[in-house]
Structures are given as structure tokens and as C-alpha cells.
Amino acid sequence: MPEFTVTELSLKLKRSIEESFGWVRVRGEISGFKRAASGHLYFALKDADSLLDAVCWKGQAARLGVKPEDGMEVVCSGKLTSYPGRSKYQMVVERMELAGLGALMALLEQRKQKLAAEGLFAAERKRPLPYLPRVIGVVTSPTGAVIRDILHRLADRFPTRVLVWPVLVQGEGAADQVTRAIQGFNALAPNGPVPRPDLLIVARGGGSLEDLMAFNEESVVRAAAASAIPLISAVGHETDTTLIDYASDRRAPTPTAAAEMAVPVRLDLLQTLAGLDERLRRSVARIASDKRRQLDLLRRGLRDPREQLAQLQQRFDDLAERLRHALRTGVAAKRARMEVQFAKLQPKLLLRETRDYRRQLDERTQRLRRATQQRTELAARALQQQSKLLESLSYRNVLARGYAVILDEQGRAVQGVAALETGASVRIELRDGSRNAIIEGEASKPTSRKAARSGAPTKQEELF
């Protein structure tokens with residue numbers, strides 16, 4: 001029996017597997033999917049009982065028609081080989097397709113429910129389209145009939161400025177390009193060198209469900225829902241429905257229909273404006289005619305202004321004549337009165353009246369002086385009497401008769417024994433000065449008024 005090294009045996013097994021299974025198709029569920037930093041895809045295909053490791057190299061991964069995900073049931077085509085470094089066999093995948101339309105539809109339904117639960121398809125999120133956008137951004141393939149149909153329809157209806165963001169519309173990388181295009185249009189500055197569109201159209205022609213998968217990806221749907229610019233989705237034919245249709249503000253059955261939704265018909269607008277202009281002209285003419293007729297009716301009810309002016313002028317002449325006559329009469333009357341008064345102004349009479357007025361003034365001045373002197377003397381005597389009375393009422397006169405005033409620490413007069421506590425400091429004010437004192441002993445009851453009256457009078461009674 002020959003002897004093999006480990007490497008020799010591994011290489012013989014590798015050649016045997018590759019020669020026996022040069023090309024195979026395997027159906028299974030993707031499990032443990034991951035994309036390495038190198039771009040290679042690593043995953044496993046499994047069924048109820050077995051597991052098969054699989055790898056898809058970077059160059060082939062970009063051409064897969066399906067974006068692999070865990071749990072997706074697919075049919076992979078490729079060859080079997082072994083990996084001597086780990087003593088295991090694996091499948092090198094070159095093609096991948098979904099296991100059936102039902103599996104794809106189930107996947108899309110699951111994704112639809114997930115996005116709908118997040119509110120991305122809610123009706124209140126949808127915004128109205130601008131009536132007449134100045135700039136329209138189109139996200140589509142730069143080649144093909146779609147962009148030509150959109151530009152042709154816009155030119156027929158209402159020529160406007162169009163910005164095209166070229167993208168792939170199917171295959172690996174299409175979803176990422178569409179997402180970046182929507183986000184890129186939204187990132188444009190409103191007044192920047194590249195104008196920011198007022199409306200977006202995401203368009204693609206018809207195709208199979210697999211061809212339209214790029215517009216079912218979450219990144220595309222989220223970008224459409226987050227777009228601040230109103231967006232029309234025009235993907236596929238009228239019967240085709242993708243998830244971007246639910247997130248967009250409007251869905252068009254075809255790209256051409258999207259162009260029709262975007263702008264009105266220019267000729268229709270011109271006809272409408274012409275009709276409105278004609279209606280405006282007729283309305284203005286009718287209003288002018290009505291006002292002219294009303295003016296004629298009002299003029300008939302008015303008197304001739306020239307006649308009214310002539311009457312006013314006649315009244316003015318009459319008043320002017322009356323004024324001249326009144327002035328002449330008034331001046332003559334005033335002159336007569338002045339002459340009478342002037343006749344009364346004789347120097348002798350004036351001198352005599354002046355002497356009489358001066359004599360009366362001297363007499364009244366003397367009387368005023370005498371009255372003032374008498375009042376002053378009476379006031380002085382009254383003031384002197386009041387001063388004597390106030391002096392007799394002063395408490396110091398009482399102190400002069402042997403009484404004293406007791407003041408507490410705040411300088412207030414003590415009203416009774418109850419206000420004096422033992423040990424309290426007080427000041428006793430007498431006739432000729434004051435002394436400080438400390439209260440000692442217990443308070444004694446005052447002598448009854450009756451007993452006091454039977455004996456000698458007290459000092460307090462002498463005070464009153």
C-alpha cells in the first residue's frame with residue numbers, strides 16, 4: 001500500500017472532487033452569510049439535514065443577480081472543490097437565483113410589512129407635487145428609451161430644465177447608486193452652482209421581478225421616504241409594483257406618465273390664460289358701461305354747476321356791498337362817539353379828579369396803618385398770654401414742687417409699678433438733674449384713695 005503525505009492526499013482528493021463535480025446546481029437556504037473585507041462572499045447552504053460551505057469570489061459576486069441574505073432560499077450554480085488547509089470541501093458559486101417566485105414574493109412581503117410598520121408608507125408623509133417645477137431631477141439609466149421618453153414628453157407638454165443622475169437600474173450595485181442619487185439631489189444647495197430640483201423622477205423600464213429587485217431594496221425605499229424633494233416613482237410597466245412605489249409621493253404607471261404628472265400642458269395653460277384674459281376684458285367693459293350709465297343718471301339729478309356758481313357769485317356781490325355799507329356806517333358812528341369823549345377830556349377837569357383821587361388814597365393809607373398797628377399789638381399780647389399758659393403746664397414746674405419722673409432704659413416714662421422689674425436699671429429725673437438707679441424689693445400695694453383723703457394730702461394730690 002503506497003504511503004502519502006498529508007498534502008499529497010489532500011491534492012488527490014481535491015482533483016477527484018473537482019473532476020467528479022465539475023458543475024453542479026444546489027438548492028438550499030443561505031446561512032451565516034458574511035462579506036469579507038476583500039469582497040469575497042462566505043456562506044453556507046443548508047437543508048433540513050445537511051450543510052454545505054460555499055464561497056463566491058469578489059469578481060463573480062458583483063455579477064450575481066440576487067443580493068444574498070440569511071434565510072433566503074436560492075439555487076446556486078458552480079463547482080465543488082476542497083480547501084486543504086482545513087480538510088473540508090466547499091462550493092465555489094458562480095451563479096445564484098432565487099429558488100422560486102413564491103420565495104421572492106414572500107421575502108418582499110416580509111420587507112414590505114417591516115417598512116410599513118415603521119411608517120414609511122403612511123399617507124400623511126406624502127406631499128403634493130409642485131404645479132410647475134422649474135428644475136426636474138431624473139434618476140435613471142443614461143441610455144435606453146426611458147430617459148428619451150421622459151425628455152420627449154416634457155418637451156411636448158412644457159419644456160423645462162432636466163438634470164439626469166445616471167445610475168444602474170439592475171444588477172449588483174444598482175440599489176446603492178439609486179440611493180446615492182436620491183440623496184445627492186437632496187444635498188444640493190438651493191442657490192448653488194447646480195440648481196436643486198423641485199421634483200424628482202426615479203424611472204426604469206419594464207422587466208422581470210428579479211430585474212426590478214434594486215427598487216425593492218431597503219436603502220432605496222428609505223432614501224425615497226426621507227427625500228425632502230417630492231418624488232415620483234416610475235418603475236416598470238403599469239402592472240409592476242415595487243416597494244419604492246409605496247414610499248414615493250406619487251406612483252406613475254410608466255416613465256412617460258411620470259413626465260405627464262410632472263408638468264401641465266403648456267398649450268392648455270396658454271388657452272386657459274387667453275380665456276381668462278377675454279373674460280377679464282368683458283368684465284371690465286361691462287363694469288365701465290354700468291358705471292357710465294350710473295354717472296349719467298346721477299348727472300341728470302344734479303343742477304348745472306355753472307348756474308350754481310352764478311348764484312353763489314351773485315350772493316357774494318350782495319354780501320360785499322352790504323359789507324361796504326356797514327363799514328361806512330360803523331366808522332361814522334365810532335367817529336361821533338370819539339368826538340363826544342374827546343370833548344370831555346379837559347385839562348382842568350382831569351387835574352381836579354386827580355387831586356380828589358390822591359386825597360382819598362392818603363386817607364385810606366392812614367386808616368390802613370392804624371388798623372395794622374392795632375392788630376399787631378393785640379396779637380403780641382395774645383402770644384404772651386399763651387406762652388405763660390404753656391410754661392405753667394410744663395412738667396418741669398411740677399418737678400420744681402418736689403416730684404420726679406422715672407424713665408426706663410429706652411428713655412420712656414414709667415406708667416406704673418408693673419413696668420418695673422427687680423434689678424431693672426432706671427433713670428430718675430428731678431428738678432435740678434437726674435440720677436441712675438436699680439429697682440430692688442417687692443412692689444407694695446398703693447394706699448386706698450379713701451384712706452389717703454382722711455389723712456394729709458399726698459404729693460400726687462398736690463400735683464392735681
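Conventions adopted
- Every chain begins its residue count from 1, and numbering advances along the sequence as written.
- Reporting of local features is limited, given that this is a predicted model, to residues whose pLDDT is at least 70; pairs of side-chain atoms are given and counted only at 80 or more, and all residues count toward the totals for whole chains, interfaces and linings.
- Hydrogens and water are ignored here; the side-chain numbers use all heavy atoms of the structure.
- Each helix corresponds to a stretch of at least 4 residues labelled H or I by DSSP, and each strand to a stretch of at least 2 residues labelled E; elements are numbered beginning at the N terminus.
- A radius of gyration in this sense is built from C-alpha atoms; the matching globule rule multiplies 2.2 Å by the number of residues raised to 0.38.
- Burial classes: relative accessible area under 20% of the type maximum marks a residue as buried, over 50% as exposed, and values in between as partly exposed (1.4 Å probe, protein chains only).
- Contacts are residue-level and defined by heavy atoms, with any inter-residue pair within 4.5 Å sufficient.
- All accessible areas in this document rest on Shrake-Rupley with a 1.4 Å probe, and a residue is counted as covered only by the protein chains that are shown.
- Pairing between two strands requires that DSSP report at least two bridges joining them.
- Throughout, an axis means a line fitted to C-alpha atoms (over the contacting stretch in the case of helices), and angles, computed between N-to-C directions, take values from 0 to 180 degrees.
- By definition, a salt bridge exists where a carboxyl oxygen of Asp or Glu is found within 4 Å of a side-chain nitrogen of Lys or Arg.
- Here a pair means two rings of Phe, Tyr or Trp (six-membered ring of Trp) with centres within 6.5 Å. Their orientation is stacked below 30 degrees between planes, edge-to-face above 60, and tilted elsewhere.
- What is meant by a nonpolar core is a set of buried Ala, Val, Leu, Ile, Met, Phe, Trp, Tyr and Cys residues, joined one to another through side-chain atoms within 4.5 Å.
- Seen with its strands pointing away from the viewer, a crossover is right-handed when the path leading from the first strand over the helix to the second is clockwise.
- Every residue carries a pLDDT, the predictor's confidence in it, which falls somewhere between 0 and 100.
- Any angle that is under 35 degrees is reported as roughly parallel, and any over 145 degrees as roughly antiparallel; angles of 65 to 115 degrees are reported as roughly perpendicular and all others as oblique.
- Helix crossings fall into two classes, left-handed where the near helix is turned counterclockwise from the far one by less than a right angle and right-handed where it is turned clockwise.
- Residues are sorted three ways: Asp, Glu, Lys and Arg are charged, Ala, Val, Leu, Ile, Met, Phe, Trp, Tyr, Cys and Pro are nonpolar, and all the rest, Gly among them, are polar.

**Comments concerning the overall build of the protein chain**
When you go through the protein chain residue by residue, the secondary structure sums to 14 helices and 13 strands. Computed over its C-alpha atoms, the radius of gyration of the protein chain comes to 62 Å, more than 25% above the 23 Å expected for a compact globule of 464 residues. Over its C-alpha atoms, taken along the principal directions, the protein chain stretches across nearly 170 × 115 × 40 Å. The buried share among the 464 residues of the protein chain stands at 26%. For the protein chain, the share of sequence-separated contacts (at least 6 apart) that also reach a separation of at least 24 residues comes to 62%. In the structure as shown, the protein chain presents an accessible area of about 32,700 Å², 55% of it carried by carbon and sulfur atoms.

**Observations regarding the sheet that holds strand β11 (residues 405–407)**
Reading across from one edge, β11-β12-β13 is the order of the three strands in this open sheet, with antiparallel pairing throughout. The outermost strands of the open sheet, each flanked by one partner alone, are β11 and β13 (433–438). For this sheet, the mean inter-axis angle between neighbouring strands, taken without regard to orientation, is 30°.

**Brief notes about the environment of L276**
You can see L276 is positioned in helix α9 (residues 266–300). Between the alpha carbons of L276 and L41 there is a distance of 66 Å; along the sequence they are 235 residues apart.

**Quick notes on the pattern of salt bridges**
Counted according to the given criterion, the structure contains 18 salt bridges. The residue K88 makes a salt bridge to D53 at a minimum N-O spacing of 2.5 Å. With K88 in strand β5 (residues 88–98) and D53 in strand β3 (residues 51–56), the pair connects residues that are 35 residues apart, well separated along the chain. Judged by relative accessible area, K88 falls into the partly exposed class, the value being 32%. Across the pair R222 and E118 runs a salt bridge, and its minimum N-O distance is 2.7 Å.

**Let's talk about the packing of aromatic side chains**
One pass over the full model with this rule turns up three aromatic pairs. Ring centres of F33 and F43 lie 6.3 Å apart, and the angle between their planes is 40°; this geometry places the pair in the tilted category. With F33 in strand β1 (residues 24–35) and F43 in strand β2 (residues 41–46), this pair connects stretches of sequence that are ten residues apart. You can call F33 partly exposed: its relative accessible area is 22%.

**Quick look at the sheet that holds β2**
Sheets are built from strands that pair by backbone hydrogen bonding, the pairs being arranged parallel or antiparallel. The sheet built from five strands closes into a barrel, its strands ordered β1-β2-β3-β5-β4 with mixed pairing. Pairwise comparison of adjacent strand axes, ignoring direction, gives a mean angle of 50° for this sheet. Relative to β5, β3 runs parallel, the two sharing two bridges. Following the sheet pairing, A54 is matched in β5 by M91. Seen against the sheet, helix α1 (residues 6–20) touches β4 (73–83) and β5 and runs at an angle of roughly 145° to β4.

**Observations regarding the nonpolar core**
Residues V139, V178, I182, V202, F215 and I244 are the most contacted members of the largest nonpolar core, which totals 30 residues. When near neighbours in sequence (up to four residues on either side) are disregarded, I182 contacts L200, V202, V220, A223, A224, S227 and L231. Within the second largest apolar cluster, 20 residues are counted, among which are A61, V74, C76 and V93.

**Concerning the pairing of strand β6 (residues 135–140)**
With six of six residues buried, β6 lies mostly within the body of the structure. Side-chain alternation along β6 places V135, G137 and V139 on one buried face and I136, V138 and T140 on a second face that is also buried. Alignment of β6 against strand β7 (residues 161–166), held across six bridges, turns out to be parallel. Its bridge partner lying in β7, V135 is registered against R161. Since β6 and β7 lie parallel, the crossover through helix α4 (residues 145–157) that links them has a hand, and here it is right-handed. Two elements, β6 and strand β8 (residues 199–204), share four bridges in a ladder whose sense is parallel. Bridge pairing in β8 links I136 to L199.

**Focus: the side chain of E429**
Tracing the sequence through the fold places E429 in strand β12 (residues 425–430). Excluding anything up to four places from it in sequence, E429 contacts Y395, R396, L399, A404, V405, L407 and S434.

**As for the confidence of the model for the protein chain**
The predicted model of the protein chain has a mean per-residue pLDDT of 84, with 93% of residues at 70 or higher. Note that pLDDT drops below 50 for residues 454–464; the model gives that stretch twelve contacts with residues more than four away or on any other chain.

**Thoughts on the packing of α4 against helix α8 (residues 255–262)**
Axis separation between α4 and α8 bottoms out at 8 Å; the angle between their running directions is 30°. Judged by the inter-axis angle, α4 sits roughly parallel to α8. Viewed along their axes, α4 and α8 form a crossing whose handedness is right-handed. Side by side, α4 and α8 meet where V146, D149, I150, R153, L154 and R157 of the first sit next to P255, T256, A259, E260 and A262 of the second. Taken together, the residues that form the contact of α4 with α8 break down as six nonpolar, one polar and four charged.

**A word on the packing of helix α5 (residues 174–187) against helix α6 (residues 218–226)**
Following both chains from N to C, one finds α5 and α6 inclined at 15°, their axes separated by 8 Å at the closest point. Between α5 and α6, the angle is such that the two are roughly parallel. In the packing of α5 onto α6, the handedness of the crossing is left-handed. Of the residues in α6, those touching α5 at A175, D176, V178, T179, I182 and Q183 are S219, V220, A223 and A224. Taken together, the residues of the contact of α5 with α6 sort by class into six nonpolar, three polar and one charged.

**As for the pairing of β13**
Sheet topology places β12 next to β13; six bridges connect them, and they run antiparallel. Within the sheet, the bridge partner assigned to R427 lies in β13 and is N436.

**Some details on the environment of K14**
Note on placement: K14 falls in helix α1. As a C-alpha pair, K14 and Y83 span 69 residues in sequence and 7.8 Å in three-dimensional space. If we skip the residues at most four places from it in the chain, K14 touches T81 and S82.

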